[in-house]
Amino acid sequence: MQHRKRIGERLIEAGLITEEQLRIALEEQKKTGELIGAILFSLGFVSQKDLFTLLSMSRGGEQRKEAVEEFDLPKDMEAIVKQSTAALRIAEPEPGKAADVSLAPVVRLIDRVIVTGIKKGATDIHIGPDTGGTRVRYRIDGLLQHGMYLPKDILPAIVSRVKIMGNMNIAENRIPQDGGTIFVWEDKNLDIRISTFPVIAGENIVMRMLDKSQLLLGLENLGFLREDIEILNNSLSMPYGMILVTGPTGSGKTTTLYSALSIINSVYKNIFTVEDPIEYHLPLIRQSQVNVKAGLTFAAGLRSILRQDPDVILVGEMRDLETAELAIRASLTGHLVFSTLHTNNAASSLPRLMDMGIEPFLIASTVDTIVSQRLIRLLCSSCKEPYSPTPELTERIGCERTGDLVFFRAKGCQECSDTGYRGRTVIYEIMKMSESLRKLVLVRSGSDVLADNARKIGMKSMYDNGLKKVISGITSLEEVASSTRTVF
Ligand SMILES: [Zn+2]
């Protein structure tokens, strides 16, 4: 903090920014947790060159180091830009043909960007053009965070290098491309999926990191409570029927499904999956990747799997009627079927299936359990701040007061990059189909009626589950409220 204040003050002293500009940047910092220098820069209040000049002028080498740390820039950044752009010019004799970038400096730079991402636990790395520069950001615990701010001129070299890594066409910069690579670091093999997208002023790159060693399977590890794991175990022991996991993209559905499959995985069961993408390889399980170009869609895959004498089938997603019908038919004919839907809560999954065109009686006789979930951030254990909620607050949020109640709020420290959070867990609701729910499905009831009925027979809502996690001190009320869209 001290150090950041000094940078702001020094910039004011040098006449490079005004008090007002610093105030705006500090406000912004409260929201984003980004570094103050980077914020001033991205707001256009100060140029990177000015920052460098100022910081290297005042106290020489030491200050220079400080600037480098503040921006997390490679120490030989200037040399990298010079060499890469020079090489690009030489290697790019005619327009439209991108350069052959086997350039050591850019290779090192990209490696560094990726390794930083791995160390920070990023799920995605974003690199793209931004006002006057090239911005690198990392998605950590679901939120984008500032990474590096590199000079504008380096972007074409970065794009070419990343395309080479991803086995993509480096001469093509007008259309989006997909690719992938295996990145080896220490003893890890990371699967990286790469996507490029042409935008104004260049191409935007997103690298999705699939780190198999990071995959922590096990329902308990994911944040499921013991009593709920029992409910799920019970569903998993069925010989046939359908288990659905729902939630928006990035809500951890695949990890939950993989954990569930791992529980029943054995040599005595023939388990198949059809997925897009296959995120992790599971032992014993026959996993297949959707390949639309080759004609292997979810529906085609499922149809073939049914001829492979399966016991258990995981269908990555039911996007269309054909796939949903096949999945339903598979579960009717003696298979245990797992799948996902993009619905916001458990109850709305049933009307969603009806909207797709599935007959209510088929839904009522196959669907057994619906898990709906979100990922929420865990409070940073180094800096979380305790407070006792007022009786008005507990009343408003529907929390029973038993004894001394302590909640925690996010604060921010160095270990959590000033966000106040580190790591994630699930909050969820589990809807187990009952006789009364099946009857309501048969008469095409809406999601509100279904949810009411489910709660009456004991379903705890996602919000209830979140509140339990607030009370146990692992997350904040704000985090649960925003992820369940609850307003107090
Ligand atoms: Zn912290």
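This one's a predicted model, so the numbers in the text were calculated from it and none came from an experiment.

Chemist: Please set out the pattern of salt bridges residue by residue, giving values where relevant.
Modeler: Following the criterion strictly, the structure yields 15 salt bridges and no others. Across the salt bridge formed by D368 and K432, the nearest N and O atoms sit 2.9 Å from each other. Separated by 64 residues along the polypeptide, D368 in strand β12 (residues 367-379) and K432 in strand β15 (residues 421-432) bring together distant segments of the chain. The class of D368 is buried, set by a relative accessible area of 10%. Close ionic contact of E435 with R438 constitutes a salt bridge, the shortest N to O distance being 3.9 Å. With E435 and R438 both in helix α17 (residues 435-442) and three residues apart, the pair spans about one turn of that helix. Here the residues in one salt-bridge network are D276, E317 and R319, joined through shared partners.

Chemist: How would you sum up the packing of aromatic side chains? Please name residues and give values.
Modeler: A full pass over the atoms with the stated rule returns three aromatic pairs. Between the aromatic rings of Y387 and F407, the centroid separation amounts to 6.0 Å while the plane-to-plane angle is 90°, which identifies the pairing as edge-to-face. Of this pair, Y387 sits in strand β13 (residues 385-387) while F407 sits in strand β14 (residues 407-409), and the two are 20 residues apart along the sequence. On the basis of relative accessibility, which here comes to 14%, the residue Y387 falls in the buried class. Geometry around F408 places K384 over its ring, the cationic atom sitting 4.5 Å from the centre. Between the NZ or CZ atom of R409 and the centre of the ring of Y387, over which it lies, the distance is 4.1 Å.

Chemist: Please provide a residue-by-residue account of the pairing of strand β6 (residues 202-210), values included.
Modeler: Pairing of strand β1 (residues 124-130) with β6, which is carried by four bridges, proceeds in the antiparallel orientation. Residue pairing across strands places H126 opposite V206, the latter belonging to β6. Judged from the nine bridges that link them, strand β5 (residues 188-199) and β6 form a sheet pairing that is antiparallel. Note on β6: the bridge partner recorded for I192 is M209. The hairpin turn running from β5 into β6, its antiparallel successor, is two residues long, and A201 in that turn takes a positive phi close to 75°.

Chemist: Help me get a handle on the coordination of the zinc ion, residues and values and all.
Modeler: Within the protein, the zinc ion binds to C380 (SG), C383 (SG), C413 (SG) and C416 (SG); these donor distances fall in the range 2.3 to 2.4 Å. Coordination at the zinc ion is tetrahedral, judged from the four donor atoms that bind it and the angles of 104 to 113° they form at the metal. Of note, the zinc ion draws all its donor residues from one chain, in the sequence arrangement C-x2-C-x29-C-x2-C. In this pair, C380 is assigned in the loop between β12 and β13 and C416 in the loop between β14 and β15, connecting sequence segments 36 residues apart. Exposure remark for C380: the relative accessible area of 0% places this residue in the buried category. Residue class for C416 comes out buried when judged on its relative accessible area of 4%.

Chemist: Which residues make up the environment of I154, and what values do they have?
Modeler: For I154, the position within the fold is in the loop between β3 (143-151) and α8 (155-165). Residue I154 is classed as buried on the basis of its relative accessible area of 0%. In sequence terms I154 and V106 are 48 residues apart; their C-alpha atoms lie 8.4 Å from each other.

Cut-offs used in this document
- Residues numbered from 1 in each chain as written.
- Predicted model: local features only at pLDDT ≥ 70, side-chain atom pairs only at ≥ 80, totals over all residues.
- Heavy atoms only, no water.
- Salt bridge = Lys/Arg side-chain N within 4 Å of Asp/Glu carboxyl O.
- Helix = DSSP H or I, 4+ residues; strand = E, 2+ residues; numbered from the N terminus.
- Buried < 20%, exposed > 50% of the residue type's maximum accessible area, 1.4 Å probe, protein only.
- Phe/Tyr/Trp six-rings, centres within 6.5 Å; stacked < 30°, edge-to-face > 60°.
- Lys NZ or Arg CZ within 6 Å of the ring centre and 35° of its normal.
- Pairing = 2+ DSSP bridges.
- Donors = N, O, S within 2.8 Å, 3.2 Å for Na, K, Ca; no water.
- Tetrahedral: all angles 85-135°; square planar, octahedral: opposite > 155°, others 65-115°.

Limitation: the analysis is restricted to geometry and does not speak to function.
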